[in-house]
Each structure stands twice: as C-alpha cells, then as structure tokens.
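Here are the chains, one letter per residue:
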Amino acid sequence: MSEQPQIDTRPKNLLLAALPEAEYRRLLPHLKKAVLKQGDVLHHSDTPANSVYFLEDGVASLSVSNSDGVALELSIVGTEAVVGERAIFKHGYFIVQCQMLSDGVSYKISPKVFQKEFYRGDALHDLILNHLEARLTETAQTALCNQTHVMEQRLSRWLLTFADRSGSDRLLLTQEFISNVLGANRPTISVAAKALQDKGLIEYTRGVILIVDRAGLEKETCECYRVIKKTVETYFSLKRRS
Amino acid sequence: MYNPTIFLIEEDNDARPILRDRLKNAGYKVTLALDEEDALDRVGGGRVKADLVLVNLLRKLPEDILKIGRNICRKGELDVPVVVIAAKFGEDLEGKDIQVSDKEYITYLEDGEQLFGLLSRLTRDIVQTRL
C-alpha cells in the first residue's frame, strides 16, 4: 500500500462526509491518503489497529480464523463506514482481521487522534456507536446465515452485498479468492457459482463475476441479505453536510 | 437416450446437494456416497453400477484421493474413469485437467463449467456405445 499526501476536501467516505464542518476540519490535518491493493491486510487479528481507515473507494472484509487457517467472514465494509474502530478501546483482545477485497483508496488516521476525537463526545462519537451497532447486527446475521442456509443462498447474499458496497455489479474476484473469504472448500464455490450461472443470474469469466439478473439473484438468496441491507441503510443513512 | 451414471463421493455437506442437482440437470443419473467409508460399504459385491466415479474429499491431497478412488473401483469391480476434484492448488494448475493414467484424472477447477466439460468428454463415448 502506498501513501499520497494530498487531501480531497469533499470526501466520498460517507462517515467523513457526515461530520459537521468543524469536526471534519479538525481531522483534516491528520488524514493521509493511502492507495490499497486487493489482498492488502489493513489490520491483523492479533494486534491493535495501527491506523483507522475511511475508505473512499473499494471494499474490505472483516474475518476471523482459527489456528488451522480456516477463515470466516463476518462483514463487508465499503465507503459507508470505517475500519479500525477498535482504536476506541484502550485495552482489547483483537481477533478480527481486515483485508482488502478489491483495490481501493482510503484516508487513514492515527489511532490516537481517532480515539481523542471519539472521546470528545461530538458527532463522530455518535456515528461510531451507530457503526458498531450495525456491524454487530451484520455479524450476528452472517453467523445465522452460515449455520442455516445452503451455499447457493450464502454465495448469492455475499455477491449482492459485495456489489452493494462496491457500487458495481461487475466484481473483480476469482473463485479462489471467494472460497478463502467465505471459508469454503474451493470446488464448492465453483459448483455453487455454476448453479447461479445455469440459472442465468451471474456470468463468470476468469477473474470477473457479472451479476446479470440482480432481481433474480435477490430472489435466490435468503432473508439475511435483506436484513443486512436494511441494517446498513438504517444505521448508515448518513447525510452529507451542506 | 442413455443417461450415464456417476458414482459421486462428496464429503462436503455444502457441495453435495448442489453437485447432485447439477449433475441430474445435466442428464446424469447419480449414485451418492458421503465419504470413503460410505463408498466402500456401498460398492461391495458389485452393488453399484456406474459409468464414472467422481470423488471430492476434504483435507486430502489429490494423489491420496486418487488411491481411494482406485480402492473403491477395485472393491466395486468398476472399470470406469475416475475423476478427482482437487481442493487446494496453485495458480499454475488452475483450469487444468490432468490425465494421470489410462482412466484416472485430476481436475483443478477454475470454475464449474470445467468440471462438466470434462465429465461430458469422458462419458461421450459411453453414450455413443450404448446407443
């Protein structure tokens, strides 16, 4: 990942954009732009956050894994939110890893500055609490989904959520990458993707998944997609400051 | 029209129902086993008649799965193609179907189309012979 010093005065990140002007101006000198690549790890599972990221473009995944390397995704984050909010905790046992699912661009800030701003109790404080509640709901719903729904439904939910967060129905993802993120056996993803392809819902060519029938894919998936979507819309219904 | 029978040994609970349904939709008859032990139980005494054996076992190397496929064929007196689906492999192998011996194949899937293409090629002769 590389850094660039220039700061865009109109951020695309909805959380930054929703801050009152005075709070945003206070953060501005501390924000650094970072160019991110698919696969970049923003936060490792066993360490405190070394930066807090406000994504301007791109999608990241929050996941947990066991000692055998089996990983399970908890949540997908896009430009609506922040990653590294664990920085608000003065002590912690960190098990969540954050990794970029796509190339992207982000503003990043030091955890100390972020923590200080949070504990001022102004707008950022409320936005982050909303964010944490949304993340908790999404994680709980994802756990339920993984336990109760078949792979075709889970894959549909994941593709739709990814598309929502990235703002595009053309997804630059290999099936290998998806199987790693979902903690699934790779052939299982191949077979499930073929089932969706046979139904005319997606098309897959090497490294690119195209959602060709979004309405059909929404019918194919379980209710978890709608719950997660509604949660994000409710908690992240952020308004840009005028 | 002759519909070839595939003896599917699929250990993954997530993949099993999808693969079974896809195979049936593609015109195959499917006999199912849950794992190696279940497969060996079923084939004893020539009770399973199949035109192809398809094996996907978790957490095993393709070469080891191939040995299991051989044992299953031997016990079931099945002289048919065996296809092993590899689970973990490098980019250099992705998209390849490697013929290991006269009737043994390891497929390194890039996507599901590749598997069904291989199955179609391997059963084409059987279908034409039976017509």
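Right above here is the structure, for reference.
J.: Residue-level account of the packing of aromatic side chains, with values.
T.: Within the structure shown, the criterion is met by four aromatic pairs over all chains. Arranged with centres 5.0 Å apart and planes meeting at 90°, the rings of Phe118 of chain A and Tyr119 of chain A form a pair that is edge-to-face. You can call Phe118 of chain A buried: its relative accessible area is 4%. Residue classification places Tyr119 of chain A among the partly exposed positions, given a relative accessible area of 46%. Summarising the aromatic geometry, the rings of Phe89 of chain B and Tyr108 of chain B are spaced 5.3 Å apart at their centres and angled 85° between planes, so their arrangement reads as edge-to-face. Taken together, the residues Phe89 of chain B in the loop between strand S4 (82–85) and strand S5 (97–101) and Tyr108 of chain B in the loop between strand S6 (104–107) and helix H4 (112–130) connect sequence positions 19 residues apart. Like Phe89 of chain B, the residue Tyr108 of chain B is buried in the burial classification. The ring of Phe116 of chain B has Lys194 of chain A sitting right over it, with the charged end atom 4.8 Å from the ring centre.

J.: Mind laying out the sheet that holds strand S12 (residues 208–211) of chain A, listing which residues take part and the relevant values?
T.: Residue and element names in this part refer to chain A. The strand order S10-S12-S11 describes an open sheet built from three strands, whose pairing is antiparallel. If you trace the sheet from one side to the other, it starts and ends with strand S10 (170–171) and strand S11 (202–205), each paired once. In terms of strand pairing, S10 meets S12 through two bridges, oriented antiparallel. By the bridge assignment, Leu171 is partnered in S12 with Ile209.

J.: Got a sec to walk through the pairing of S6 of chain B? Specific residues and values, please.
T.: Residues and elements named next belong to chain B. Side-chain alternation along S6 places Glu104 and Ile106 on one buried face and Tyr105 and Thr107 on a second face that is also buried. Here S4 runs beside S6; their pairing, made up of four bridges, is parallel. Of the residues in S6, the one forming a bridge with Val82 is Glu104. Relative to S6, S5 runs antiparallel, the two being bridged by four bridges.

J.: Now, about the sheet that holds strand S3 (residues 41–43) of chain A: what can you tell me, with residues and values included?
T.: What links the strands of a sheet is backbone hydrogen bonding, and the strands pair in either a parallel or an antiparallel sense. Residue and element names in this part refer to chain A. Spatially, four strands are ordered S3-S8-S5-S6 in an open sheet, and the strand pairing comes out antiparallel. Every interior strand has two partners, whereas the edge strands, S3 and strand S6 (71–77), have only one. Averaged over neighbouring strand pairs, the angle between their axes works out to 35° when direction is ignored. When strand S5 (residues 60–65) meets strand S8 (residues 97–100), the two strands line up antiparallel, connected through four bridges. Bridged to Ala60 within S8 is Met100. In the packing of helix H4 (residues 123–148) onto the sheet, contacts are made with S5 and S6, and the angle to S6 comes to roughly 140°.

J.: How would you explain helix H1 (residues 15–25) of chain B if you had to name every residue and give the values?
T.: Turning to H1 of chain B, its buried residues number three or more, namely Ala15, Arg16, Ile18, Leu19, Arg22 and Leu23 of chain B. In this structure, the buried side of H1 of chain B is in contact with helix H5 (151–166) and helix H7 (186–198) of chain A together with strand S1 (5–10), strand S2 (29–33), strand S3 (52–56) and H4 of chain B. In the segment just after H1 of chain B, Gly27 of chain B is the residue with positive phi, at about 100°.

J.: Explain the nonpolar core to me, and be specific about the residues and the numbers.
T.: The biggest cluster of nonpolar side chains holds 48 residues, and the ones touching the most others in it are Trp158, Leu159, Ile178 and Ile202 of chain A together with Leu23, Leu54 and Leu119 of chain B. Ranked by the residues each element gives to this core, the list is headed by H5 of chain A, at seven residues. Excluding residues within four positions of it along the chain, Leu159 of chain A makes contact with Leu171, Ile178, Leu196, Ile202, Ile209, Ile211 and Leu217 of chain A. Core analysis: the next-biggest nonpolar cluster, separate from the first, contains 23 residues, Ile9, Ala39, Leu57 and Val82 of chain B among them.

J.: Now, about the packing of H5 of chain A against H7 of chain A: what can you tell me, with residues and values included?
T.: Residues and elements named next belong to chain A. Packing of H5 against H7 brings their axes to within 9 Å, and their N-to-C directions diverge by 80°. Viewed along their axes, H5 and H7 adopt a mutual orientation that is roughly perpendicular. Taking contact as the criterion, the partners of Met151, Glu152, Leu155, Ser156 and Leu159 in H5 are, on H7, Thr188, Ile189, Ala192, Ala193, Ala195 and Leu196. Of the residues assigned to the contact of H5 with H7, the class counts are eight nonpolar, two polar and one charged.

J.: If you had to explain the pattern of salt bridges to someone new, which residues and values would you point to?
T.: Tallied over the entire structure, the rule returns 25 salt bridges over all chains. Put simply, Arg186 of chain A and Glu94 of chain B hold a salt bridge, and the shortest N to O gap is 2.4 Å. With Arg186 of chain A in helix H7 and Glu94 of chain B in the loop between S4 and S5, this residue pair bridges two chains. Under the relative-accessibility criterion, Arg186 of chain A is labelled buried at 4%. Glu94 of chain B sits in the buried class, given a relative accessible area of 15%.

J.: Explain the interface of chain B and chain A to me, using residue names and the numbers behind them.
T.: With 19 residues of chain B in contact, the opposing surface of chain A contributes 19 residues. In total, about 1,800 Å² of surface goes out of reach between chain B and chain A, with carbon and sulfur atoms giving 53% of it. Three residues, Ile18, Arg22 and Glu110 of chain B, lead the burial of chain B against chain A; their summed loss comes to 32% of the area buried on that side. Our count for the chain B to chain A interface comes out at six salt bridges. Between Arg206 of chain A and Glu110 of chain B there is a salt bridge, and its shortest N-O distance comes to 3.2 Å.

J.: Summarise the packing of H5 of chain A against helix H6 (residues 175–182) of chain A; cite the residues concerned and give the values.
T.: Residues and elements named next belong to chain A. Direction vectors running N to C along H5 and H6 enclose 105°, while the axes themselves pass 12 Å from each other. Relative to H6, the element H5 is oriented roughly perpendicular. Contacts from Leu155, Trp158 and Leu159 of H5 reach H6 at Ile178, Val181 and Leu182. A class-by-class count of the residues in the contact of H5 with H6 yields six nonpolar, no polar and no charged.

Thresholds, definitions, all that
Residues numbered from 1 in each chain as written. Chains lettered and ligands numbered in written order. Predicted model: local features only at pLDDT ≥ 70, side-chain atom pairs only at ≥ 80, totals over all residues. Heavy atoms only, no water. Phe/Tyr/Trp six-rings, centres within 6.5 Å; stacked < 30°, edge-to-face > 60°. Buried < 20%, exposed > 50% of the residue type's maximum accessible area, 1.4 Å probe, protein only. Helix = DSSP H or I, 4+ residues; strand = E, 2+ residues; numbered from the N terminus. Lys NZ or Arg CZ within 6 Å of the ring centre and 35° of its normal. Pairing = 2+ DSSP bridges. Axes fitted to C-alpha atoms, helices over the stretch in contact; angles between N-to-C directions. Contact = heavy atoms within 4.5 Å. Core = buried A, V, L, I, M, F, W, Y, C linked by side-chain atoms within 4.5 Å. Parallel < 35°, antiparallel > 145°, perpendicular 65-115°, else oblique. Nonpolar A, V, L, I, M, F, W, Y, C, P; charged D, E, K, R; others polar. Salt bridge = Lys/Arg side-chain N within 4 Å of Asp/Glu carboxyl O. Buried area = accessible area lost by both parts, 1.4 Å probe.

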